[in-house]
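Fold and contact review
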Amino acid sequence: MGKGYETHQARVAALQALGKDLARRAKSKCELTGAAGVPLRPYEVPPVAAEPDLERTLLLCEACHEVLEQPKRLAGRAWQGLAEVVWSEMPAVQVVAWRMLQCLAKREDWAREVMEEVFLDPEVEAWAKLEVL
Ligand SMILES: [Zn+2]
């Protein structure tokens, strides 16, 4: 086994260690869509920190993971809930919701309107802008 593999395994273990705290915080619901009774997996908000960090990790449903991996699939009014979620008290939630809305705003009028109203704290905004979906 190479060093890359060992590093990867260490990261997987560290992420699993966050699992309990994540589940407690998320109350077994997707932290973006509120989906309950569905499988949830951790999502490390890019750019990924050297060590997994609870404040930079969200527990998300498969539908969210899918569009975050393939933002081209991000479309439609099904994502309108993000307009509220982007005002969350949790910066990581705000950052991901903002990036998704920014992506949606390329093709959806409602998302453009939401983006015109959204105000993020400067630090959160700077974090959000580090990556584009
Ligand atoms: Zn979700």
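In what follows, the accompanying structure is described. (Residues numbered from 1 in each chain as written. Predicted model: local features only at pLDDT ≥ 70, side-chain atom pairs only at ≥ 80, totals over all residues. Heavy atoms only, no water.)

Helix and strand counts for the protein chain come out as six helices and two strands. Tracing the protein chain from N to C terminus, the helices and strands come up as α-β-β-α-α-α-α-α. For 133 residues, the compact-globule formula gives about 14 Å, and the C-alpha radius of gyration of the protein chain, at 15 Å, lands near that figure. Viewed in the frame of its principal axes, the protein chain has a C-alpha envelope of about 50 × 30 × 25 Å. Across the 133 residues that make up the protein chain, the buried fraction comes to 38%. Sequence-distant contacts in the protein chain: of pairs separated by 6 or more residues, those separated by 24 or more amount to 62%. Element-wise, carbon and sulfur atoms account for 53% of the exposed surface of the protein chain, whose accessible area totals about 8000 Å². (Helix = DSSP H or I, 4+ residues; strand = E, 2+ residues; numbered from the N terminus. Rg over C-alpha atoms; globule rule 2.2 N^0.38 Å. Buried < 20%, exposed > 50% of the residue type's maximum accessible area, 1.4 Å probe, protein only. Contact = heavy atoms within 4.5 Å. Areas by Shrake-Rupley, 256 points an atom, 1.4 Å probe, with all protein chains shown as cover.)

This part is about the coordination of the zinc ion. Ideal geometry at a metal centre gives angles of 109.5 degrees when four donors are arranged tetrahedrally and 90 or 180 degrees when six donors are arranged octahedrally. Protein coordination of the zinc ion is provided by Cys-30 (SG), Thr-33 (OG1), Cys-61 (SG) and Cys-64 (SG), with donor distances spanning 2.2 to 2.7 Å. Around the zinc ion sit four donor atoms, and with donor-metal-donor angles ranging over 83 to 121 degrees the site reads as irregular. Taken in chain order, the donor set of the zinc ion reads C-x2-T-x27-C-x2-C. Of the two residues, Cys-30 is situated in the loop between α1 (3–26) and β1 (40–44) and Cys-61 in strand β2 (residues 57–61); the sequence distance between them amounts to 31 residues. With relative accessibility at 4%, the residue Cys-30 sits in the buried group. Overall, the relative accessible area of 5% leaves Cys-61 in the buried class. (Donors = N, O, S within 2.8 Å, 3.2 Å for Na, K, Ca; no water. Tetrahedral: all angles 85-135°; square planar, octahedral: opposite > 155°, others 65-115°.)

Further remarks concern α1. Given a rise of 1.5 Å per residue, 24 residues ought to cover 34 Å, and the 33 Å separating the end C-alpha atoms of α1 matches this to within 8%. Approximately 40 degrees is the largest bend angle found in α1, and it occurs at Gly-19. The set of residues buried in α1 consists of Leu-15, Leu-18, Leu-22 and Ala-26. Packing partners of the buried residues in α1 comprise β1 and β2. Just downstream of α1 lies Lys-27, where phi reads positive at about 55 degrees. (Expected span 1.5 Å × (residues − 1). Bend = angle between axes of the 7 residues up to and from the residue.)

Of all five residues in β2, five are buried; the element is thus mostly enclosed. Here β2 shows two buried faces, one formed by Thr-57, Leu-59 and Cys-61 and the other by Leu-58 and Leu-60. In this sheet, β2 lies alongside β1 in antiparallel orientation, the contact comprising five bridges. In the strand pairing of β2, Arg-41 is matched with Leu-60. (Pairing = 2+ DSSP bridges.)

Look at helix α4 (residues 91–104): 20 Å from first C-alpha to last across 14 residues, which is about the 20 Å you get at 1.5 Å a residue. The set of residues buried in α4 consists of Ala-92, Val-93, Gln-94, Val-95, Val-96, Ala-97, Trp-98, Arg-99, Met-100, Leu-101, Cys-103 and Leu-104.

Enumeration according to the criterion identifies seven salt bridges in this entry. We note a salt bridge from Arg-24 to Asp-21, for which the minimum N-O separation is 3.2 Å. Linking Arg-24 with Asp-21, this pair stays in helix α1, spanning three residues, or about one helical turn. On the basis of relative accessibility, which here comes to 56%, the residue Arg-24 falls in the exposed class. (Salt bridge = Lys/Arg side-chain N within 4 Å of Asp/Glu carboxyl O.)

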